[in-house]
Amino acid sequence: MFGGHVTVPVNSPHLRKSGSRQLFSDLETSEMKGTGGTPLATAAMLPSPVLLWRLKVMLFFLWGFSCCKISWDSVMRMSLDLRDLFLYEAFLYYNPLLLVTAAVWFWGANLWVFAQSNVNYSKIFDLDQNHLTHKEIWKCATWMTIIVPTSMTSYLYLYSHGEVSWAASQPVLLYTVVAIILIFPFDIFYLSSRFFLLRTLWRIVFPFQAIAFADFFVADILTSMSKVFSDLERSACRMVHRQVATIAWFEADSVCGSHSVAIPIVLVLPYIFRLFQCLRQYKDTKEKTSLLNALKYSTAVPVIFLSALKYHVFPDNWINFYRPLWLLSSFLNSLYSFYWDITRDWDLSCFTRIFKFTKPHLVSQLIYGQNWVYFWVIGSNLILRCTWTYKLSAHLRHNHLTVFAITALEIFRRFQWAFFRVENEWNKMNSKQSVQMQDISGEEEKLLNLNNHNV
């Protein structure tokens, strides 16, 4: 999606003047003649792309098996008393980056489907000609898939063999490298892509300008990754306070414990940013739809803070008063968000009478073909919207594997959502363009009729 290098074909007309010969082809021909066909012989000695691809796949699976074997042996060396605590801590440091890696893989799949469906996503997101393709996105995801588990394996191995200080340095080093790469000012590692991402994040946090499609699209993705940001904050907190590879954080009321007030604050920030975007859109457009959308994001606030109150009120007050309010707010947030996905973000109200059953002609305009795909995405979206409140609730976060699975499912739901949100925007752009063309043709016809009348 964001920035990349453009390769120019050898026989491109831009490499030669009009009417001239193909420069590179002639040079290659003359070189082959002068050297007695040496380039052909060299090319024949190179392995085929299929063989190289198979070798890479084999090495990738060998690396994965090695990481799993080393990690398993390292965990088995620990005592049962420390094993669960240590795995919980290691999981906290690495699960955010693993989820980000999954999101990058999914985004590459989104771009691939857009390209296959002739959806001009670069026009929708207002990208330049150097934007990344799905292949480049997948290349980044591949390196992330290798680096993050390797660091995690090193952490497990070093800690289990008594090298605690070296083990503690592994997540710190990983986070530092990621931060440096993201803000590196030189023209490497897709500088234009990183600049576009950082600029978009800046516009999300400070919506002082008109909201573009890329701004609220990325902001919506950030709401699905609120749990990732919460874990990043807790990881950074332990690194700053030198609690990595220790049990100093184990006390729930400590500065980096599970009862920290920073957890609900970080969880709610993506929704606050998106709410301010909606208010900014209302200021610019005066459309009441923007206020209704802002109301949708505001319904996530009581879900987060009512859940966090469990650690700060008496148990009887939680069970008798705050817990019912939390359940009610979770129910309202899930249904409101689901309704908005169907009727506004996707404009799929044609599928059921509950959602107005208007605009049946939209079925013929669906880009991705099969109708069952839309029924599947509506049903799965409803289910995942309901489980979504689990990961927003601080008092349900003790089972880290369950929360990780639900967060991964939420990222998958957002991956599905992106297909139909971009499709809906593409349909709107095409309809506006066709209306403009009709208006232009109508004005030309009027001018022609006027000229004929004058003659």
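To be clear, the structure that these remarks concern was listed above.
Here's what I pulled together on the structure shown here. None of the values given here were measured: they were computed from a predicted structure.

1. As for the overall build of the chain
Right, so step 1: Counting secondary structure elements, the chain contains 16 helices and zero strands.
Right, so step 2: Within the chain, buried positions represent 40% of all 455 residues.
Right, so step 3: When contacts within the chain are restricted to residue pairs at least 6 apart in sequence, long-range pairs at least 24 apart make up 70% of them.
Right, so step 4: A total of about 26,100 Å² of accessible surface is found on the chain, and carbon and sulfur atoms cover 68% of it.

2. Focus: the side chain of Arg385
Right, so step 1: Among the secondary structure elements, Arg385 is positioned in helix 15 (residues 371-391).
Right, so step 2: For Arg385, the residues in contact, after removing those within four places along its chain, are Ser334, Ser337, Phe338, Asp341, Arg413 and Arg414.

3. What about the nonpolar core?
Right, so step 1: In terms of nonpolar packing, the biggest core is built from 35 residues, with Trp107, Phe114, Ile124, Phe125, Phe217, Trp346 and Val422 touching the most fellow members.
Right, so step 2: Of all the secondary structure elements, the ones that give two or more residues to this core are helix 4 (80-116), helix 5 (121-124), helix 6 (134-160), helix 9 (213-224), helix 14 (315-345), helix 15 and helix 16 (400-454).
Right, so step 3: Considering each element in turn, this core owes the most residues, seven residues, to helix 16.
Right, so step 4: Within the second largest apolar cluster, 19 residues are counted, among which are Leu156, Leu174, Met239 and Val244.

4. Here we look at the packing of aromatic side chains
Right, so step 1: Within this structure, the stated rule accounts for 27 aromatic pairs.
Right, so step 2: Where Phe60 meets Phe61, the ring centres are 6.2 Å apart and the plane angle is 80°; that geometry is what we call edge-to-face.
Right, so step 3: Residue Phe60 is classed as partly exposed on the basis of its relative accessible area, which comes to 34%.
Right, so step 4: A relative accessible area of 59% means that Phe61 is categorised as exposed.
Right, so step 5: A ring pair is formed by Phe125 and Phe217, whose centres lie 5.0 Å apart and whose planes are at 75°; its orientation type is edge-to-face. Here Phe125, found in the loop between helix 5 and helix 6, pairs with Phe217, found in helix 9; they are 92 residues apart in sequence, far enough to count as distant.
Right, so step 6: For Phe125, a relative accessible area of 2% puts it in the buried group.
Right, so step 7: Of the aromatic side chains, those joined through ring pairs into one cluster are Phe106, Trp107, Phe114, Tyr121, Phe125, Phe213, Phe216, Phe217, Phe412, Phe415, Trp417 and Phe419.

Reading the values: rules and limits
Residues numbered from 1 in each chain as written. Predicted model: local features only at pLDDT ≥ 70, side-chain atom pairs only at ≥ 80, totals over all residues. Heavy atoms only, no water. Helix = DSSP H or I, 4+ residues; strand = E, 2+ residues; numbered from the N terminus. Buried < 20%, exposed > 50% of the residue type's maximum accessible area, 1.4 Å probe, protein only. Contact = heavy atoms within 4.5 Å. Areas by Shrake-Rupley, 256 points an atom, 1.4 Å probe, with all protein chains shown as cover. Core = buried A, V, L, I, M, F, W, Y, C linked by side-chain atoms within 4.5 Å. Phe/Tyr/Trp six-rings, centres within 6.5 Å; stacked < 30°, edge-to-face > 60°.

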